[in-house]
Protein chains: 2
Amino acid sequence: MPTEIKKYTDKQELIAKFSNALGHPVRVAILQQLSKQSCCFHGDMAEVLPIANSTLSQHLKVLREAGLIQGEIDPPKTKYCINKENWNLAKGLMIGFFD
Amino acid sequence: MPTEIKKYTDKQELIAKFSNALGHPVRVAILQQLSKQSCCFHGDMAEVLPIANSTLSQHLKVLREAGLIQGEIDPPKTKYCINKENWNLAKGLMIGFFD
DNA sequence: ATTTCTGTTCGTAAAGATACGAACAATATT
DNA sequence: AATATTGTTCGTATCTTTACGAACAGAAAT
């Protein structure tokens, strides 16, 4: 495992990872809503968005795995919030990227 | 064709489109280089990047179709440049998005 | 005219993304 | 205990992305 050849810098990988998470309009919509009010329930988003519930779960998972949001179960509902640390990291990277 | 139901706003679609283009580290690397020196030949990038020539062409096409770069043939070479108008559009959208 | 240089496009394979409904799990309510 | 509510996960189908080498195309030089 020390024989891993890095093809890209950590920064390039990070920018790509965050950008990828923003690469679908429904995920942009989710994040816009979430950044506006910081937190939101799955159900409230499902009412507004033009996708099936299961598809929404998948997109939320993508955002979670990219580190941009975090979810917590607040039975029987699930509440999703912006992960502020990574959100700010992404913000800084993107601003730096565009100069 | 008037019966098109819009699922997302133009802004959401645009952010997703630009983000998608940034969604692969090699494309991030290309744009970093290009934004640093404004223009660059295909061949010079090919020397540095860890991908085949044909793959590079594909990635450049993705960036072109997203509007972030433009290419012009300067025989026998091909020169690629940042599309400044769209670059600034993307910059503005991303900054607005992250607040 | 043929060869060289540069880059694109084609063909193709493997992997990932997106979508949905059905089935499942966990908690709360009856 | 049975039911209802809320989301997640599973199974599946379809499409897209990424990658490569081979074949191709255009201009320049021999």
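Provided above is the structure to which this section pertains.
## Considerations on the protein's contact with DNA strand C
Point 1. Residues in close proximity to DNA strand C total 18 residues, the closest being A:His59, B:His42, B:Ser54, B:Ser57 and B:Tyr80.
Point 2. In the interface set of DNA strand C, defined as its atoms within 4 Å of the protein, sugar plus phosphate atoms amount to 65%.
Point 3. The side chain of A:Arg27 places a nitrogen or oxygen atom 3.0 Å from a phosphate oxygen of DNA strand C.
Point 4. Between a phosphate oxygen of DNA strand C and a side-chain N or O atom of B:Tyr80, the distance comes to 2.4 Å.

## Section: the nonpolar core
In summary, soluble globular proteins display a tendency toward joint burial of nonpolar side chains.
Point 1. Counting 58 residues, the largest nonpolar core has A:Leu31, A:Leu68, B:Leu31 and B:Leu68 as the members making the most contacts within it.
Point 2. Not counting chain neighbours up to four residues away, the residues in contact with B:Leu31 comprise A:Phe97, B:Leu22, B:Leu63, B:Leu68, B:Ile69, B:Ile82 and B:Trp87.

## Quick look at the state of the cysteines
All names here are of chain A.
Point 1. Scanning all chains against the criterion turns up two disulfides over all chains.
Point 2. A sulfur-sulfur separation of 2.0 Å characterises the disulfide bridge that pairs Cys-39 with Cys-81. With the S-S dihedral at roughly 110°, the linkage between Cys-39 and Cys-81 falls on the right-handed side. Taken together, the positions of Cys-39 in strand β1 (residues 39–41) and Cys-81 in strand β3 (residues 77–82) put the pair 42 residues apart, joining distant regions of the chain.
Point 3. Not part of a disulfide, Cys-40 finds its nearest cysteine sulfur in Cys-39, a span of 8.5 Å.

## Some words on the interface of chain A and chain B
Point 1. Listed as interface residues are 27 residues of chain A and, on the opposing side, 27 residues of chain B.
Point 2. Between chain A and chain B, the buried area comes to about 2,700 Å², and carbon and sulfur atoms account for 71% of it.
Point 3. The largest per-residue losses of area from chain A upon contact with chain B belong to A:Tyr8, A:Phe97 and A:Phe98, which jointly make up 27% of the total buried on that side.
Point 4. Taken together, chain A and chain B are joined by zero salt bridges.
Point 5. Inspection of the region where chain A meets chain B yields four residue pairs in polar contact (both at pLDDT 80 or more).
Point 6. Put simply, the parts of the chain that give the side of chain A that touches chain B at least two residues each are α1 (10–21), α2 (25–37) and α5 (84–97) of chain A.
Point 7. Within the side of chain A that touches chain B, the residues separate by chemical class into 17 nonpolar, six polar and four charged.

About the criteria used
- Residues take numbers from 1 onward in each chain, read along the sequence in its written order.
- Lettering for chains starts from A, numbering for ligands starts from 1, and both go in the order in which the items are written.
- Per-residue local features of the predicted model are confined to residues with pLDDT of at least 70, and side-chain atom pairs are confined, for both listing and counting, to 80 or more; whole-chain, interface and lining totals are unaffected and use all residues.
- Hydrogens are left out, water is left out, and the side-chain values use all remaining heavy atoms of the structure.
- Consider each residue's heavy atoms; a residue with any of them within 4 Å of a molecule or strand counts as near.
- We define a polar contact as two N or O atoms separated by no more than 3.5 Å, with the added condition that, inside protein, one atom must be a possible hydrogen donor and the other a possible acceptor, whereas residues neighbouring each other in sequence contribute only through side-chain atom pairs.
- In plain words, nonpolar cores are sets of buried Ala, Val, Leu, Ile, Met, Phe, Trp, Tyr and Cys residues tied together by side-chain atoms within 4.5 Å.
- For every residue, the accessible area (1.4 Å probe, protein chains only) is compared with the maximum for its type, and the residue is labelled buried under 20%, exposed over 50%, or partly exposed between those bounds.
- The contact rule is simple, with two residues in contact once any of their heavy atoms fall within 4.5 Å.
- The disulfide definition used here is simple: a pair of cysteine sulfur atoms within 2.5 Å.
- By the criteria applied, helices consist of DSSP H or I runs no shorter than four residues and strands consist of E runs no shorter than two, each listed in order from the N terminus.
- Note: buried area is the sum, over both parts, of the accessible area (probe 1.4 Å) each one loses when the two are combined.
- Salt bridges are counted wherever a side-chain nitrogen of Lys or Arg sits within 4 Å of a carboxyl oxygen of Asp or Glu.
- Residues are grouped as follows: nonpolar covers Ala, Val, Leu, Ile, Met, Phe, Trp, Tyr, Cys and Pro; charged covers Asp, Glu, Lys and Arg; every other residue, Gly included, is treated as polar.

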